[in-house]
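# An overview of the molecular structure
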Amino acid sequence: MQETRLDTARIRAARRVIDPAFLDTPLYRCEALEPGLGCTVSIKLETANPVRSFKARGTEVVASLLADKGSRAVVCASAGNLGQALAWSGRGRGLDVTVVASSFATRAKLDRIRALGAGLELVDGDHEMARERAAAIARYDGIRLVEDSLDIETCEGAATIGLELVDTAPSFDTVLIALGGGALATGVGHVVKALAPEVEVICVQPLGAPAMTHSWRSRRVVTTDSTNTIADGVAGRHPIPAVLDDLLLVADDAVLVQEASIIAGMRMLLDHAGLVVEPSAALGIAAILEDRDRFADRHVVTIVCGSNVDVDAYHGWVGAAPILGS
């Protein structure tokens, strides 16, 4: 494999600074899902931790490095999950954390950021506007800006999930990874291709937020003017060139799925796995639903990456849509 920005030795070292509460999350075969999907399905459950998403694996690495350097303040832009994770990691290390988010972000995520002690600034725009504001704060105050996916710590923290997959899972053929900014996909993809290269790495993104998938297919950065998806955690418009370069080296495919499939995936995870998940976490199931023939007779691992969701919106989604093909 050609060299990505990531380093497997650093990824192994990251496990030593990440709070054990975020490591070795459940990984199990979910037979109840299999009749409806037509393949063997294992779930890597990244919601079983204090911030209910995988993001803290990366923020633990960032916060540890900042604390070692004597830094006292840090800022990030977030759709909600990164902000919660950085607030949690920073609180434990005495860091002053500021999170910039869209005023349209999920209310439950924003409330949790505040509850964890971070300062929260809202912008009247989307996540890209929040990124611009966070960068301006970092420049003005002279503090560290944490940029998800661009900062290698966020990718290598997420990559520890890959170590757990290849070290503990029974033989599997495919891993389905939610694709947004790319930290999870490039991190897990790097480890899988380095240690289990026969496994197919497939990234999944909503049709309504396709910038990174279009970029992967075109082998160049492709931006979009807007997004239209309930999967707010992966709704970026401006892919980062360095992250795309890594993704091109580790992803075997990138697919787009419809909103109805995402909702059906959320419903299946509730009905057959007892899991309440946010839309981004159902992207893997959505990909199987849209192309059952492709995955027939395979053993597929899907990473359930987060469960921070507005309760009212969730009930509106899962209570309304039938499961596709049922």
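Described in the following lines is the structure provided in the data block. (Residues numbered from 1 in each chain as written. Predicted model: local features only at pLDDT ≥ 70, side-chain atom pairs only at ≥ 80, totals over all residues. Heavy atoms only, no water.)

With that settled, the discussion passes to the pairing of strand β5 (residues 119-123). With five bridges joining them, strand β4 (residues 96-102) and β5 adopt parallel strand pairing. Pairing of V100 across the sheet is with E121, part of β5. Running through helix α5 (residues 107-115), the crossover from β4 to the neighbouring parallel element β5 is right-handed. (Pairing = 2+ DSSP bridges. Helix = DSSP H or I, 4+ residues; strand = E, 2+ residues; numbered from the N terminus. Right-handed = clockwise from strand over helix to strand, strands pointing away.)

Below, the discussion takes up the nonpolar core. Grouped together as the largest cluster of nonpolar side chains are 65 residues, with contacts concentrated most on L33, L37, I43, V175, L184, L269 and I303. Ignoring sequence-local partners within four residues, the contact set of L184 consists of F54, A158, I161, I177, A178, G189, I303 and C305. One finds A14, L82, V97 and A101 within the second-largest nonpolar core, a separate group that totals 27 residues. (Core = buried A, V, L, I, M, F, W, Y, C linked by side-chain atoms within 4.5 Å. Buried < 20%, exposed > 50% of the residue type's maximum accessible area, 1.4 Å probe, protein only. Contact = heavy atoms within 4.5 Å.)

Right, let's get into the packing of aromatic side chains. Inspection of the entire model under this criterion finds one aromatic pair. Aromatic pair F22 and W88: ring centres 4.8 Å apart, planes at 90°, arrangement edge-to-face. Pair noted here: F22 is in the loop between α1 (8-14) and β1 (27-29) and W88 is in helix α4 (residues 81-91), with a separation of 66 residues, a long-range link. A single burial state applies to F22 and to W88, both of which are buried. (Phe/Tyr/Trp six-rings, centres within 6.5 Å; stacked < 30°, edge-to-face > 60°.)

Here we take up helix α6 (residues 127-141). The terminal C-alpha atoms of α6 lie 21 Å apart, and with 15 residues this matches the ideal 21 Å at 1.5 Å per residue to within 8%. Considered for burial, the residues of α6 that qualify are E128, A130, A134, A135, I137 and A138. For α6, the secondary structure elements touched by its buried residues are β3 (73-77), β4, β5 and β6 (144-146). At the N-terminal end of α6, a side-chain oxygen is found 3.1 Å from the backbone nitrogen of E128, two or three residues along, and the residue is D126. Just downstream of α6, G142 is the residue with a positive phi angle, here 65°. (Expected span 1.5 Å × (residues − 1). Polar contact = N/O pair within 3.5 Å; in protein donor to acceptor, adjacent residues only side chain to side chain.)

The end-to-end C-alpha distance of helix α7 (residues 152-168) is 25 Å, a good match for the 24 Å that 17 residues give at a rise of 1.5 Å each. For α7, a buried count of 13 out of 17 residues is recorded, marking the element as mostly surrounded by other parts of the structure.

In regular strands, side chains alternate between the two faces of the sheet. Most of β3 is tucked away, with four of its five residues classed as buried. Where β3 lies against β4, five bridges are found, and the strand directions are parallel. For V74, the partnering residue across the bridge sits in β4 and is V97. You can see the chain leave β3, run along α4 and come back into β4, and the turn it takes is right-handed. Pairing of β3 with β6 involves three bridges; the strand directions are parallel. Within β6, the residue paired with V74 across the bridge is R144.

Another aspect to go through is the sheet that holds strand β2 (residues 40-45). Spatially, the six strands line up as an open sheet ordered β1-β2-β10-β7-β8-β9, and their pairing is mixed. The two strands at the open ends of the sheet, each matched to only one other strand, are β1 and β9 (253-257). Averaged over all neighbouring strand pairs, the angle between strand axes comes to 25°, with direction disregarded. Bridge count for β1 against β2 is three bridges, and the pairing is antiparallel. Bridge pairing in β2 places R29 opposite S42. (Axes fitted to C-alpha atoms, helices over the stretch in contact; angles between N-to-C directions.)

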